[in-house]
Amino acid sequence: MKKFLVIGNPIGHSLSPKLQNYWIKKNNLDAIYGKLEVHESDLAELCKNLKDGKLDGLNITVPFKNSIIQHVDVLSGHALRTKSVNTISVDKGVLIGHNTDIDGFEISVKKLNYDLTNKSILILGAGGVVPSIIYGLKRMNASKINLTNRTKEKAIKLKNLFNDLTIIDWGDLPEFDMIINATSIGLKDSDKFNIDFIKAGTNKLFYDVIYEPYPTEFSLAGNISGNIFENGFNMFLIQAQKAFSIWHNVEPKIDNEVLKFLNN
Ligand code: ATR
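Keep in mind it's a predicted model, so treat the numbers as computed, not measured.

(A) Layout of the overall build of the protein chain. Helices and strands together make up the secondary structure of the protein chain, namely nine helices and 12 strands. Since a compact globule built from 264 residues should have a radius of gyration of about 18 Å, the 18 Å found for the protein chain is in line with a globular shape. Seen through its C-alpha atoms, the protein chain measures out along the principal axes to roughly 55 × 40 × 35 Å. Of all 264 residues assigned to the protein chain, the portion counted as buried reaches 49%. Restricting to contacts in the protein chain with at least 6 residues of sequence separation, those with at least 24 account for 64%. For the protein chain, the computed accessible surface area is about 12,900 Å², with 49% contributed by carbon and sulfur atoms. In the protein chain, the 31 positive side-chain charges and the 29 negative ones have mean positions that sit 3 Å from each other.

(B) Spotlight on the sheet that holds strand β4 (residues 74–75). Spatially, six strands are ordered β2-β1-β3-β5-β6-β4 in an open sheet, and the strand pairing comes out mixed. Each of the sheet's edge strands pairs with one partner strand only, and the pair in question is β2 (31–37) and β4. Across five bridges, strand β5 (residues 87–91) lies against strand β6 (residues 94–98) in antiparallel orientation. Each residue of the ladder has a partner; that of serine 89, found in β6, is isoleucine 96. Its contacts with the sheet place helix α8 (residues 233–248) against β1 (2–8), β2, β3 (57–60), β5 and β6, and it is angled at close to 10° to β5.

(C) A look at unusual backbone geometry. Cis geometry is adopted by the peptide bond preceding proline 63, which originates at valine 62 and carries an omega value of 0°. For proline 63, the position within the fold is in the loop between β3 and β4. Here the residue pair tyrosine 214 and proline 215 is connected by a cis peptide bond, since its omega of 0° sits within 30 degrees of zero. Note on placement: proline 215 falls in the loop between β11 (205–208) and α7 (217–222). Not every positive phi belongs to a glycine, and asparagine 194 is a case in point at roughly 60°.

(D) Broad picture of the domain arrangement of the protein chain. Along its sequence, the protein chain is carved into domain 1 (2–99) and domain 2 (103–231). Put simply, the middle of domain 1 and the middle of domain 2, counted by C-alpha atoms, are 27 Å apart. Contacts between the two partners involve eight residues from domain 1, matched on the other side by 10 residues from domain 2. In this assembly, domain 1 packs against domain 2 so that about 810 Å² is buried in total across both faces, 56% of it on carbon and sulfur atoms. Contact with domain 2 buries area across many residues of domain 1, yet His78, Arg81 and Thr82 alone supply 62% of it, more than any other trio. Put simply, domain 1 and domain 2 have zero salt bridges between them. Where domain 1 meets domain 2, there are two residue pairs in polar contact (both at pLDDT 80 or more). Its residues assigned to classes, the side of domain 1 that touches domain 2 comprises one nonpolar, four polar and three charged.

(E) Region of the structure containing the packing of helix α1 (residues 16–26) against α8. The geometry of α1 relative to α8 is characterised by a closest axis approach of 11 Å and an angle of 45° between their N-to-C directions. Compared by their axis directions, α1 and α8 come out oblique. Of the two possible hands of crossing, α1 and α8 adopt the one that is right-handed. Counted together, Ser16, Leu19, Gln20, Trp23 and Ile24 of α1 and Phe236, Leu237, Ala240, Gln241, Phe244, Trp247 and His248 of α8 form the full contact between these two elements. Looking at the contact of α1 with α8 residue by residue, the classes come out as eight nonpolar, four polar and no charged.

(F) Broad picture of the pairing of strand β8 (residues 144–148). In terms of burial, β8 is largely enclosed, as four of its five residues are buried. Taken together, strand β7 (residues 120–124), helix α5 (residues 130–139) and β8 constitute a β-α-β crossover, and its handedness is right-handed. Where the polypeptide runs from β8 across helix α6 (residues 152–158) and back to strand β9 (residues 166–168), its parallel neighbour, the crossover connection is right-handed.

(G) Molecular detail of the site of the ligand. Taken together, 14 residues surround the ligand, and among them Gly128, Asn149, Arg150, Thr151 and Lys154 come closest. Within the backbone of glycine 128, an N or O atom sits 2.9 Å from an oxygen atom of the ligand. In the environment of the ligand, an oxygen atom lies 3.1 Å from a nitrogen or oxygen atom belonging to the backbone of serine 184. In isolation the ligand has 620 Å² of accessible area, and contact with the protein removes 75% of it. Across the shell around the ligand, the residue classes tally to five nonpolar, seven polar and two charged.

Conventions used here
- Residues numbered from 1 in each chain as written.
- Predicted model: local features only at pLDDT ≥ 70, side-chain atom pairs only at ≥ 80, totals over all residues.
- Heavy atoms only, no water.
- Helix = DSSP H or I, 4+ residues; strand = E, 2+ residues; numbered from the N terminus.
- Rg over C-alpha atoms; globule rule 2.2 N^0.38 Å.
- Buried < 20%, exposed > 50% of the residue type's maximum accessible area, 1.4 Å probe, protein only.
- Contact = heavy atoms within 4.5 Å.
- Areas by Shrake-Rupley, 256 points an atom, 1.4 Å probe, with all protein chains shown as cover.
- Lys, Arg positive; Asp, Glu negative; His and termini not counted.
- Charge placed at Lys NZ, Arg CZ, Asp CG, Glu CD.
- Pairing = 2+ DSSP bridges.
- Axes fitted to C-alpha atoms, helices over the stretch in contact; angles between N-to-C directions.
- Domains from an automatic or database assignment.
- Buried area = accessible area lost by both parts, 1.4 Å probe.
- Salt bridge = Lys/Arg side-chain N within 4 Å of Asp/Glu carboxyl O.
- Polar contact = N/O pair within 3.5 Å; in protein donor to acceptor, adjacent residues only side chain to side chain.
- Nonpolar A, V, L, I, M, F, W, Y, C, P; charged D, E, K, R; others polar.
- Parallel < 35°, antiparallel > 145°, perpendicular 65-115°, else oblique.
- Left-handed = near helix turned anticlockwise from the far one by under 90°.
- Right-handed = clockwise from strand over helix to strand, strands pointing away.
- Near = heavy atom within 4 Å.

See below:
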């Protein structure tokens, strides 16, 4: 039986085991997918387990998408460009690092029929998923990307990867067509933006990487008439679908049945 894991810290909330095990069963595969809360010092041993055939694949989530890279042998082009790995596969003992968050983000935006060409973007946050979002935005021809983060140094670090990024002060609200919440604000009731999104006007796309809980302060602004709101659920589903395809060579279905199963 093949063994897969999602690793991160925290990991309790992850829907990945439920989803991956559902698809494993649907496709009659002899495999199992679990979750494990780990520390940075565990990464080397986990990767050794992959090399030794004790594990067959990993998903990596916050905060290890970058620090896992030193333990991987080869990076896909997407992972190399973003310095971010969310999926590892093994080929004859060689560990390959992939980034399926990019596809997750890109395909979820394309599903909205939203054309990013010449659009101006504001990203809130500078955490683990942001390099994938910036890379996806550039591939979809966004013309200007502003980014703001409470801790400015982290935003400035991202400029080493993407030098045409414009960093603005936390709390400022420049003109934008699309705004992306890539912070963890919204996960806890007590978290507040202290940004008046209403001032931005309407005809905007609000994209929230968070999908649970709902509604949030950000989703309320995004759901005002004239705006479009999308949360990170489709991104989550699509990155998982792409990881499954890498490991099992089958593209699992995202259909009403799986959506119903996840909502139960
Ligand atoms: P990591 O930074 O470990 O990758 P993450 O969950 O991907 O973790 O990112 C958390 C993001 O939410 C960061 O951009 C964080 O800002 P800091 O870099 O200043 O920590 C942001 N964030 C979390 N709580 C916040 C708050 N109360 N106000 C503003 N930003 C917040």
